[in-house]
Amino acid sequence: MKFCQMKEKLIDELRLVLQNNADNQTRISSCRFFKKGEEALVYGVKMAEVTKIAKEFLKQIKRYSKQDVFVICEELWKSGYLEEAIISCKITESLNKQYEPVDFRIFERWVNKYVNNWADCDTLCNHTIGTFIMMYPEYLNELKKWAKSPDRWTKRASAVTLIIPARKGLFLKDIFEIADILLLDKDDMVQKGYGWMLKAASESNQKAVFDYVVSKKEVMPRTALRYSIEKMPKDLKVEAMRK
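On a predicted model such as this, the values are computed, not experimentally measured, just so you know.

### Some points on the pattern of salt bridges
The tally for this structure, following the rule as stated, stands at 26 salt bridges. Two residues, Asp 23 and Lys 46, come together in a salt bridge whose shortest N-O distance is 3.5 Å. Highlighted residues: Asp 23 in the loop between helix H1 (3-20) and helix H2 (24-30) and Lys 46 in the loop between H2 and helix H3 (47-61), separated in sequence by 23 residues. Among the ionic pairs, Glu 203 bridges to Arg 167, the shortest N-O distance being 3.6 Å.

This is how it looks when you write it as structure tokens:
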């Protein structure tokens, strides 16, 4: 059987499994995680079950080349369903030892073309793209370009890609540069994204992040400020929030 036919068969079977594991209550309850009008398209499968399904699906496709697997992942992204996007991300995470510089353009296309809610954005960026950036830090400059995008999710992606590197104490100068670019953004999803990035950075660089936040607090949106200082001691929080 040709790859194209095999791909369609595998994806059809995966979608049937998702449909068979969906329930209306899970579908309805998922809405509470999203703002009204910004709800993700879902089958209604519990996330623990999605993870199990992803592991089984991965066993079926592990014999294919990375390029073929990425083609399968893109087909999943095209559906618009959150569960399929998460499975795609689980698969790309599993290939991290095979990442090459050319893969960045694939990940960038997924961000720009398919990501349309915070869950898609954070799932793809936290691990897949975050791991890629730690492997190839020369692509940090590409994230700074994302931060200047007119698209809200691309802007959020520029920040949330650095959550795990930030926790490790990496790329602090670049984190502050991206925060500077996003500083005055009026979109709460962007504000929460870069606030989360700063909060993660504070785990390893508390003083530097505190000093940054205090230096910007006159203009930093309160949403971003609150996120940034969430893990700091109470006295520092009080000082940062003082008008």
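### Description of the packing of helix H12 (residues 188-202) against helix H13 (residues 206-216)
One way to put it is that H12 packs onto H13 with a least axis distance of 7 Å and a crossing angle of 145°. Contacts between H12 and H13 involve Leu 198, Ala 201 and Ser 202 from the first element and Gln 206, Val 209 and Tyr 212 from the second. Looking at the contact of H12 with H13, its residues break down into 4 nonpolar, 2 polar and no charged.

### Brief notes about helix H6 (residues 103-113)
Within the sequence span of H6, burial applies to Asp 103, Phe 104, Ile 106, Phe 107, Glu 108, Trp 110 and Val 111. Looking at the buried residues of H6, the elements they touch are helix H4 (66-78), helix H5 (82-94), helix H7 (118-135), helix H8 (140-146) and helix H9 (152-160).

What counts, and at which threshold
Per chain, residues are indexed from 1 in the order of the written sequence. Restriction of local features to residues with pLDDT of at least 70 applies here, the model being predicted, together with a cutoff of 80 or more for giving and counting side-chain atom pairs; totals for whole chains, interfaces and linings are based on all residues. Hydrogen atoms and water are omitted, and side-chain values are computed over all heavy atoms in the structure. By definition here, a salt bridge exists when the distance from a side-chain nitrogen of Lys or Arg to a carboxyl oxygen of Asp or Glu is within 4 Å. In DSSP terms, a helix is any run of H or I states spanning at least four residues, a strand is any run of E spanning at least two, and both are numbered starting from the N terminus. Only the stretch in contact is used when a helix axis is fitted, and all axes are lines through C-alpha atoms; the angle between N-to-C directions ranges over 0 to 180 degrees. Between two residues, a contact is recorded if the distance between any of their heavy atoms is within 4.5 Å. In this classification, the charged set is Asp, Glu, Lys and Arg, the nonpolar set is Ala, Val, Leu, Ile, Met, Phe, Trp, Tyr, Cys and Pro, and all remaining amino acids, among them Gly, are polar. In this scheme, a residue with accessible area under 20% of its type's maximum is buried, one over 50% is exposed, and one in between is partly exposed, where area comes from a 1.4 Å probe on protein chains only.

Function cannot be read off these values alone, since they describe shape.
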